[in-house]
Amino acid sequence: MKKWVRLHRQLLLIGLLLIISLANIAASPAQSAPPITYERYDVAINLQPNGDFIVREIQQIHFDGTFHTANAQIPVALTAGIQDIKIYEGDQAYQLDGNGPGSFTVNTDSDFVIINWEYNYTHSGDLRTFTLEYRVKGGLWVYPQGNILEWRAVPAERSGIVVENSAVTVTLPTAVAADQLMYTAYGPDFTTVVTDTQNVTTTQSQVVFSANEPIPDGVNFQVQVGFPTSLVPAEKQAWQDREDTTQLAYRFLRLDTDLTLNPDGTLLVNEAQQIAVDAGALNRGYRTLSTRFLDTIDQVSLREGDQVFTEASTNCTYCLQITKTPRSEDWVAYDAHQRTTLIDDQRAGRINLDWQLPALVRGEKTTLNLQYRVTGALQQWPDKQELNWTAVFGERQARIEAATVRLHLPSSVKFEDITISGGNVERQSDNSVLISTPGAIPESRTWVVKVTLPANATLADKAQWQQDLARVAEVARQDEIRRTQFKLGFGGGALILLVVGVAGIYALWYSRGRDKPIPAVADYLSEPPSDLPPAIVAYLIDESPTPKGALASLFQLATLGLVWVRMFGDIKLKREREAELTAGETLTTPTGEAVQIPGHLAVLFNALRPALPHREEMAFYQIASRFQIALPRVYAEMGMEASRFFDELPDEARHRWLVLGQWMVILGVGAAAVFTVWLRWYIGWLAVAPAVALALLGFGVMGVSYLMPRRTNAGVEEAQKWLAFRNYLRNLKQYGNVAEAQTILDRYFAYAIALNVENVVLEQAEALGGQVPIWSYTTQWIPQSSPQSPQHPHPRPSESTNSGPISPSPKPTITAPTMPDNSPPAAPRPSLSERPSLSGLSRQLGDALTSTSQSLGNLLSTAAGDMGDQTPFGAIRGGASAVVQTGGDVASSTLDVIGDILEAASSGDGGGGYSGGSSSSSSSWSSSSSHSSSSHSSSSSSSAGRDSSSRRSGGGGSRGFG
């Protein structure tokens, strides 16, 4: 029971407390009144004759609380200083740096003058009036056309206190004619009254700005009055120079475009450009409207707030100049070189808009509305209509913080039937569509909105610009057809030319260069099949003069007993015959055979004879120059002697076909150069395909030219016989014996050289036990003249001077019999038993032959060089060398093919922006004071849509109470 009684009492207590709380809430007012109110905040600004002006801030304040201090911070920016500060309460002047109520202090830093004052404690319902007075030095804007007094009379920062009523009076030292006076204000809606007042000595002009509404905290009441320069002797201050010369910096806070698509396809455009100036002064604007992808633009108008710009041909405040450039017929064309549609913006047409407006300065922002009508903005397709609209133009130097497009569709078009890309899309309650960007748009960047509508969305016809593009597109299509035909013709032609050409080259070789096949004569022949000279055998087998053939001729001279040959280290020669040889002359060899001297051998011996003293040893390199000079004549003789084995001399056949191939290459290169300049830009590298094919075939003919010499049937049979003999020489150890090997060395070693098996023959002869050939000699066996005959200016070589090893069983030296100098007979050849063995010498003899063969190869290449120059390539090479020697050079260039890129058509493109200049320009005076009165009548005005809450000006700061 006690628990229930105790619970009951607790509930009664809670209920009683709840009833008391509700009663207190009901008794309290709905909203507490602010403790301080500016019933009036009036400011009197008196311009002094010296250019200073005195500011008196009269603050009538209603207190609903207890306060006893106040403060003010006045910026010193845009002034030369704040002086003569005074505080009044009613008529009572406060004491500077005093103590207690009725005193104030002043402190100054780089940015502000800070004033604090103390007064008697207030009580709820008190009405006090405080006056803050100070002198402003160097606070006027000074220009040649006039001076400006601009001041934030009522500051924006007032500790949250609303100003119920305010009037700012600017008093000039003398009267000013109405047409020379300019004025405006920023902040609340205001009324201006201009009057002339009479004081003790003179008449003064007064401009009174009265706020028509309370001024909330955070809003300035800023006034501006312009007057003639002759009124006061003011000087321009350093701060003004800094402000006036600051480069213009501005931003697009917003760029909102309103598009209304009419049923007839026309488009009404309203561009709202909200601009904020961060530095400098802005007093001019421009907008370029391109007609590249639309037909016409008309009904152009521009306004700032309620202020409409007037179309004019000259610059003036709130004037608009419109310059139209019509579109030329050739504004768009197809460039076959670049394979693209080229649009000439200068010929595409445009409308240039330029306008002038009162200067927007640092801290100000405004909105300008540009309106115009567009015809031909829609693109017409069989299944749809498209609107590509450049909502943010790219030709600008400022970023855009935000941008939107609001699209109003014809009533017959449903939202569900359209497709929009380019931004965030929101359907609005009035059936319009709002398209917005996801963020800011940097300078020079465009923003394009694409709208796809049904084919019957409007009654618009196909725009003229689209018809022009369609015409050019057809030209491009026809050009592509022709280009494809050319590609097919040139590519197919080149392929056919290659196939037919390769087949033709093969047929040429088969019919003109291939030897007639005949049955093989034998596997091998143990003796030379004929008396052909070794050099002619080499010519027959190799079908050209070779180092082996020339070297074989030297050894044939040795075999005939005309020279001696020593093959240790380098090949060295001794001449035995004194008289010259005659072609056709018959000689008896040391082995007893009668041999008729061929013409080429006579030419070679006679050419070397002066360089080889009789029976004196000479190294081959010492007679190399003679050999080189003789080679062309020797070669010519060899060719005549071998001609009976060929349909045509091999070098002549090769030269003829080589020249033909080179001419084909040159013609192909020349044609490639011509086609490169003429057609490569049109069809690409296929233009040079036939020329390249011709050049390739020319290289093919050049390659086949080395196979074109053809032997006669007799030549083929003769060559087969000699190849059979070469097979025998290669296998001498298998087929022969030591006697046969010695015969080969003594009589047929020149043939071994001609058939390129000399090293094999030497090795096999050594293996069979052969002796040094009869035509050779060593340091132990040196044929010589009689001791009385001074035929040896060089000392007799000894074993130690020989570069090669000596046979371990040296034979006795054989001395030739003494002969008369006038007719020396050939030195006697030693018998087989008198000759040293080949043991250990074959490798050295082979090395000597190889070294000499290489030297002969170099000589042959040099000697044949003149023939190499008798070709087109040789002539070109010679000409190029001459050009290089004289310092000339050859340059070539290629053409690039650019793909065909058709630009996407977007209407509404162009550019726009704003500019400004020094505020000391002639327009700055009129634009700095944007409102004037033609007479001393009252007027009510506000800035044309501008927000000047942070416009540059002296004064302002903050005010507060505590």
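### Focus on the overall build of the protein
For the protein, the count of helices and strands is 18 helices and 43 strands. In the protein, which comprises 962 residues, the share counted as buried stands at 49%. Taking all contacts inside the protein whose residues are at least 6 apart in sequence as the whole, residues at least 24 apart take part in 79%. Of the roughly 44,700 Å² of accessible surface on the protein, a fraction of 54% belongs to carbon and sulfur atoms.

### Here's the deal with the confidence of the model for the protein
Averaged over every residue, the pLDDT of the protein is 81; the share at 70 or more is 80%. Confidence, expressed as mean pLDDT per element, reaches its minimum in the protein at helix 18 (residues 922-928) with 39 and its maximum at strand 12 (residues 167-171) with 96. In the model, residues 19-31 has pLDDT below 50 throughout and makes 0 contacts with residues more than four positions away in sequence or in other chains. The low-confidence segment residues 886-903, where pLDDT is below 50, has 28 contacts with residues more than four positions distant or belonging to other chains.

### Here we look at the state of the cysteines
Under the counting rule described, the total for this entry stands at 1 disulfide. The partner cysteine of Cys316 in its disulfide is Cys319, sulfur to sulfur 1.5 Å. Taking the sign of the torsion about the S-S bond as the criterion, the disulfide between Cys316 and Cys319, at about -90°, is left-handed.

### Section: unusual backbone geometry
The phi dihedral of Arg339 falls on the positive side, at around 55°, and the residue is not glycine. With respect to the helices, strands and loops of the structure, Arg339 is situated in the loop between strand 24 (332-335) and strand 25 (340-343). What makes Arg339 buried here is its relative accessible area of 17%. Unusually for a residue other than glycine, Asn431 sits at a positive phi of about 70°. Along the chain, the position of Asn431 falls in the loop between strand 32 (424-427) and strand 33 (433-436). Asn431 gets classed as exposed once you look at its relative accessible area, which sits at 52%.

### Comments concerning helix 5 (residues 547-559)
Helix length check: helix 5 (13 residues) gives 18 Å between terminal C-alpha atoms against 18 Å at 1.5 Å per residue, within 8%. In terms of burial, helix 5 is largely enclosed, as 12 of its 13 residues are buried. Every buried residue of helix 5 is accounted for by Lys548, Gly549, Ala550, Leu551, Ala552, Ser553, Leu554, Phe555, Gln556, Leu557, Ala558 and Thr559. Gly561, located one to two residues past helix 5, shows a positive phi value of around 80°.

### Some remarks on the side chain of Asp335
Relative to the helices and strands, Asp335 resides in strand 24. A polar atom in the side chain of Asp335 sits 2.9 Å from the backbone nitrogen of His337. Excluding residues that lie within four positions of it along the chain, Asp335 makes contacts with Thr340 and Leu342.

### Observations concerning the pairing of strand 25
Regular strands place side chains that alternate from one sheet face to the opposite one. Across 4 bridges, strand 24 lies against strand 25 in antiparallel orientation. Bridge pairing in strand 25 links Asp335 to Thr340. Taken together, strand 24 and the strand that follows it, strand 25, pair antiparallel across an intervening segment of 4 residues, in which Arg339 is found at a positive phi of about 55°.

### Considerations on the packing of helix 5 against helix 6 (residues 599-608)
Contact geometry for helix 5 and helix 6: axes closest at 10 Å, N-to-C directions at 85°. Comparing their axes, helix 6 and helix 5 come out roughly perpendicular. Contacts from Ser553, Leu554, Gln556 and Leu557 of helix 5 reach helix 6 at His600, Leu601, Leu604, Phe605 and Leu608.

### Remarks on the sheet that holds strand 17 (residues 249-261)
Taken in spatial order, the 8 strands of this open sheet run 21-20-27-18-17-30-33-32, and their pairing is mixed. Across the chains shown, the open sheet's two edge strands, defined by having one partner strand only, are strand 21 (307-308) and strand 32. Pairing of strand 17 with strand 30 (residues 403-408) involves 6 bridges; the strand directions are parallel. Paired with Thr257 across the bridge in strand 30 is Val405.

### Things to note about the pattern of salt bridges
The tally for this structure, following the rule as stated, stands at 45 salt bridges. The partner of Glu758 in a salt bridge is Lys548, and the shortest N-O contact between them spans 2.3 Å. You can see Glu758 sitting in helix 14 (residues 758-767) and its partner Lys548 sitting in helix 5, a full 210 residues away along the chain. Assessed through its relative accessible area of 2%, Glu758 is described here as buried. Among the ionic pairs, Glu578 bridges to Arg575, the shortest N-O distance being 3.4 Å. Each member of the salt-bridge network shares a partner with another, and the members are Arg339, Asp479, Glu480, Arg482 and Arg483.

### Re the environment of Leu378
The residue Leu378 is located in strand 28 (residues 378-381) in this model. Assessed through its relative accessible area of 2%, Leu378 is described here as buried. Residues Leu378 and Trp389 lie 11 residues apart in sequence; the distance between their C-alpha atoms is 9.4 Å.

### With respect to the nonpolar core
Grouped together as the largest cluster of nonpolar side chains are 69 residues, with contacts concentrated most on Phe555, Val565, Trp722, Phe725, Leu729, Phe749 and Val761. Every residue in contact with Val761, bar those within four places of it in the chain, is listed here: Leu729, Leu732, Ile744, Leu745, Phe749 and Ala752. Counting 56 residues, the second-largest nonpolar core is a separate cluster that includes Ile45, Tyr94, Trp117 and Ile161.

### A closer look at the packing of aromatic side chains
For the structure shown, the criterion picks out 36 aromatic pairs. Taking 6.4 Å as the distance between ring centres and 65° as the angle between the ring planes, the aromatic pair formed by Trp509 and Tyr510 counts as edge-to-face. Overall, the relative accessible area of 25% leaves Trp509 in the partly exposed class. Each member of the aromatic cluster is reached from another via a ring pair, and the members are Tyr38, Tyr41, Phe63, Phe67, Trp117, Tyr119, Phe130 and Phe961. Here the guanidinium or amino end of Arg483 rests over the ring plane of Tyr682, the centre of that ring lying 4.2 Å away. Geometry around Tyr510 places Arg514 over its ring, the cationic atom sitting 3.9 Å from the centre.

### Points about a nonpolar patch on the surface
A cluster of nonpolar side chains, namely Leu495, Ile496, Val499 and Val500, defines an oily patch on the protein surface of about 410 Å² accessible area. When you line up the elements, Val500 lands in helix 3 (residues 464-513).

Each value, and the rule that gives it
Residues numbered from 1 in each chain as written. Predicted model: local features only at pLDDT ≥ 70, side-chain atom pairs only at ≥ 80, totals over all residues. Heavy atoms only, no water. Helix = DSSP H or I, 4+ residues; strand = E, 2+ residues; numbered from the N terminus. Buried < 20%, exposed > 50% of the residue type's maximum accessible area, 1.4 Å probe, protein only. Contact = heavy atoms within 4.5 Å. Areas by Shrake-Rupley, 256 points an atom, 1.4 Å probe, with all protein chains shown as cover. pLDDT = per-residue confidence, 0-100. Disulfide = S-S within 2.5 Å. Expected span 1.5 Å × (residues − 1). Polar contact = N/O pair within 3.5 Å; in protein donor to acceptor, adjacent residues only side chain to side chain. Pairing = 2+ DSSP bridges. Axes fitted to C-alpha atoms, helices over the stretch in contact; angles between N-to-C directions. Parallel < 35°, antiparallel > 145°, perpendicular 65-115°, else oblique. Salt bridge = Lys/Arg side-chain N within 4 Å of Asp/Glu carboxyl O. Core = buried A, V, L, I, M, F, W, Y, C linked by side-chain atoms within 4.5 Å. Phe/Tyr/Trp six-rings, centres within 6.5 Å; stacked < 30°, edge-to-face > 60°. Lys NZ or Arg CZ within 6 Å of the ring centre and 35° of its normal. Patch = residues over 30% accessible without salt bridge, like charges linked within 9 Å, V, L, I, M, F, W, Y side chains within 5 Å.

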